[in-house]
Amino acid sequence: MQSAQNSAGIQILLDKHYSGHPGCPLSREEGEKKEGPRQYRTQRVKDARAEAAKEIEEYKQQKEVEFKKFEAEHSGSIAKAEDAAAREAEGALARIKKAGEQHGDRVVQDLIKGVTEEYEGLTLALLGNEQIHPEPHRNLKAASTT
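Residues numbered from 1 in each chain as written. Predicted model: local features only at pLDDT ≥ 70, side-chain atom pairs only at ≥ 80, totals over all residues. Heavy atoms only, no water.

Moving on, we come to the overall build of the protein. Summing up its helical and strand segments, the protein has 4 helices and 0 strands in all. Going from the N terminus to the C terminus, the protein shows its helices and strands as α-α-α-α. Expressed as a percentage of its 146 residues, the buried residues of the protein come to 4%. In the structure as shown, the protein presents an accessible area of about 13500 Å², 57% of it carried by carbon and sulfur atoms. (Helix = DSSP H or I, 4+ residues; strand = E, 2+ residues; numbered from the N terminus. Buried < 20%, exposed > 50% of the residue type's maximum accessible area, 1.4 Å probe, protein only. Areas by Shrake-Rupley, 256 points an atom, 1.4 Å probe, with all protein chains shown as cover.)

So, about the pattern of salt bridges. Inspection of every chain in the model, using the stated rule, returns 2 salt bridges. Of the charged contacts in the structure, one is a salt bridge between Glu66 and Lys63, with a shortest N-O distance of 3.2 Å. Taken together, the residues span about one helical turn, with Glu66 and Lys63 both in helix 2 (residues 28–116) at a distance of 3 residues. On the basis of relative accessibility, which here comes to 37%, the residue Glu66 falls in the partly exposed class. (Salt bridge = Lys/Arg side-chain N within 4 Å of Asp/Glu carboxyl O.)

Of the residues in the protein, 59% reach a pLDDT of 70 or more, and the chain-wide mean stands at 75. At the level of individual helices and strands, the protein shows its lowest average pLDDT in helix 3 (residues 119–127), which scores 51, and its highest in helix 2, which scores 85. (pLDDT = per-residue confidence, 0-100.)

Next up, the structure:
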């Protein structure tokens, strides 16, 4: 409270002293002339901020509505896709089980035959009676000669 009184007293003294100097920046009239446009600019900035905040909120709400609409449209398609994939998997599993029941014995016999027969015979059967003589890798040859 004391500082406000001191400030007011100082301003009164300045007004008395500089009242005869119209261009002086310390005179009250000059300060009041500058205060009007300053307040106008300050108010315009505040209004612009408030308007920008309002536009941001409207845009945010618009995007929220669009997202909910998109989510509603696509949530059903995801469920449909999951159901279709489950049906397809069940069908494939049923076909595999059926094939296993029909050809299971033959598959087991072929596996046992393939494991117990000689490698040479299997190679001949696969290659049309042509034998392969594998050669060691060139690095292995170089290492053994040095």
